[in-house]
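Structure at a glance
Each chain, written out:
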Amino acid sequence: MTTGRRPFLLAGLAAPFIAREGFAQGDWPKGPIRWVVAFAAGGAADTVARNIALRVSEIVGQQVIIDNRTGGNAVVAANAVLQAPRDGQTFLVDAANQITNPLLIKDLPFDYQQTWIPVTQLSSFPQVVAVKHDFAAKTIQEYIAEAKAKPGTISYGTPPAAGMGQMAGEELQRRAGIKLIHAPYRGGADAARDIGAGAIDSVIITTSSIRPPLAAGRVRILAVTSLKRTAAFPDVPTLAESGYPGFDLNDWNGLFAVTGTPSALIDRMQAVVAEAIKDPKVRERLDPSGAELVASTPAGFKTWLDGQRTLLTGLIKDAGIKLQ
């Protein structure tokens, strides 16, 4: 995989009123803050990070540098943060790789659970189960019935292999007692293009990725994978309300610090992010992305991650999921 680096400086244009916001006092931050993003510029995780970081920079009165370090299934970005001082100035923006990498990659250069401290979940991206426009099923119940009648013949695309779309697909197969054919894609746009062209039967991709073929009338959305209905498609039922209670598997991203970072600074970073996410302008800018902003506490984020780790470990083992 290739490695890219694209720094982005978020200028503190609101400097004249920073002092009124309360976070610019004390000895933190000592200078520019760096968020190392494990994903490419322009993607969903990057878009969330940039928009939240813009408001964070205004609140603390320091630039927040977005540093995209792709490659190695997010290990490249993690290594970049590990090389920085543990002084609360550098953080990692990562996602489910925090859970899945130890299960899928041999000889990792660090132990994820021992190395990384959860700071806050930034956002959640609900996913949809959608079918091509001429597929027989009109509801998720009909989709399941079709899959049971024709086991191993219905394809579903997700980005990428071993991503949260595949995890949701494997969980749906497990709970519904069906067998689908998985088609991994490099990105959500690729999967959306193929289902729009009728090349695959169905997809499990984010609400933002499904919009182009949906607008063209080339797909039907049957269900969403989030526990609650999403504001993006309020009339679409959840899998949880469609016969699979508690089903809740979304794409997501969060902020992590390296072990050894002072806990007080981790708490301050979380508090600033929570303050930034309250800003209506931040939410307005992120609405098109389909992101649902979270800002959980470090303890709350850790508890949620522990639950996800238990679920995904079982899914990966039972389904024999591997990186392709």
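Before reading on, note that the structure itself is shown above.
Below is a summary of the structure that appears in this document. Small disclaimer: the values here were computed from a predicted structure and weren't measured. (Residues numbered from 1 in each chain as written. Predicted model: local features only at pLDDT ≥ 70, side-chain atom pairs only at ≥ 80, totals over all residues. Heavy atoms only, no water.)

**Observations concerning unusual backbone geometry**
Leaving glycine out, the prevailing phi sign among residues is negative, and the prevailing peptide bond configuration is trans. Residue Pro29 is bonded to the preceding Trp28 through a cis peptide linkage, with omega at -5°. Mapped onto the fold, Pro29 is located in the loop between β1 (5–10) and β2 (33–37). Looking along the chain, the bond that leaves Pro159 and enters Pro160 is cis, with omega of -20°. In this fold, Pro160 is placed in the loop between β7 (155–158) and α6 (164–176). Despite not being glycine, Ala74 has its phi angle at roughly 80°, a positive value. Relative to the assigned elements, Ala74 resides in the loop between β3 (64–69) and α2 (75–82). Although it is not a glycine, Asp107 sits at a positive phi angle of roughly 60°. (Helix = DSSP H or I, 4+ residues; strand = E, 2+ residues; numbered from the N terminus.)

**As for the pairing of strand β10 (residues 219–224)**
Most of β10 sits inside the fold, with six of its six residues counted as buried. Summarising the sheet, strand β6 (residues 127–132) and β10 pair through five bridges and their orientation is antiparallel. Residue pairing for β10: Val129 is matched across the bridge by Ala223. (Buried < 20%, exposed > 50% of the residue type's maximum accessible area, 1.4 Å probe, protein only. Pairing = 2+ DSSP bridges.)

**Considering the packing of helix α3 (residues 97–104) against helix α11 (residues 298–319)**
When two helices pack together, you describe them by how their axes are tilted relative to each other and by the distance separating the axes. Packing of α3 against α11 brings their axes to within 9 Å, and their N-to-C directions diverge by 35°. In this structure, the crossing between α3 and α11 has a hand that is right-handed. Between α3 and α11, the residues in contact are Gln98, Ile99, Thr100, Leu103 and Leu104 and Leu305, Gln308, Arg309, Leu312, Thr313 and Ile316, respectively. Class assignment for the residues of the contact of α3 with α11 results in six nonpolar, four polar and one charged. (Axes fitted to C-alpha atoms, helices over the stretch in contact; angles between N-to-C directions. Left-handed = near helix turned anticlockwise from the far one by under 90°. Contact = heavy atoms within 4.5 Å. Nonpolar A, V, L, I, M, F, W, Y, C, P; charged D, E, K, R; others polar.)

**Remarks on the packing of aromatic side chains**
Each aromatic ring pair is characterised by the separation of its centres together with the angle its planes make. What the rule picks out here adds up to seven aromatic pairs. Here the aromatic rings of Phe256 and Phe301 are separated by 5.3 Å at their centres, their planes lie at 45°, and the arrangement is tilted. With Phe256 in strand β11 (residues 251–258) and Phe301 in helix α11, this residue pair connects regions lying 45 residues apart in the sequence. Taken individually, Phe256 and Phe301 each receive the classification buried, so the pair is uniform in this respect. Taken together, a centroid distance of 6.3 Å and an interplanar angle of 25° make the contact between Phe301 and Trp304 stacked. Here the residue Phe301 and the residue Trp304 both occupy positions in helix α11, the gap between them amounting to three residues, near one helical turn. You can call Phe301 buried: its relative accessible area is 0%. A relative accessible area of 28% places Trp304 in the partly exposed class. (Phe/Tyr/Trp six-rings, centres within 6.5 Å; stacked < 30°, edge-to-face > 60°.)

**Some points on the sheet that holds strand β9 (residues 202–206)**
The sheet built from five strands is open, its strands ordered β8-β7-β9-β6-β10 with mixed pairing. Either end of the sheet is taken by a strand with one partner, and the two such strands are β8 (181–184) and β10. The mean inter-strand angle of the sheet, taken between neighbouring strand axes irrespective of direction, is 30°. Relative to the sheet, α6 contacts β6, β7, β8 and β9, its axis offset from that of β7 by approximately 145°. The strands touched by helix α7 (residues 188–196) within the sheet are β6, β9 and β10, with β9 carrying the most contacts at an inclination of about 145°.

**Remarks on the packing of α6 against α11**
Relative to each other, α6 and α11 sit at 75°, their axes nearing to 10 Å. By the angle class used here, α6 and α11 are roughly perpendicular. Counted together, Met164, Met167, Glu170, Glu171 and Arg174 of α6 and Gln308, Leu311, Leu312, Leu315, Ile316 and Ala319 of α11 form the full contact between these two elements. Residue classes in the contact of α6 with α11 are distributed as seven nonpolar, one polar and three charged. (Parallel < 35°, antiparallel > 145°, perpendicular 65-115°, else oblique.)

Any functional reading would require information beyond the geometric quantities listed.
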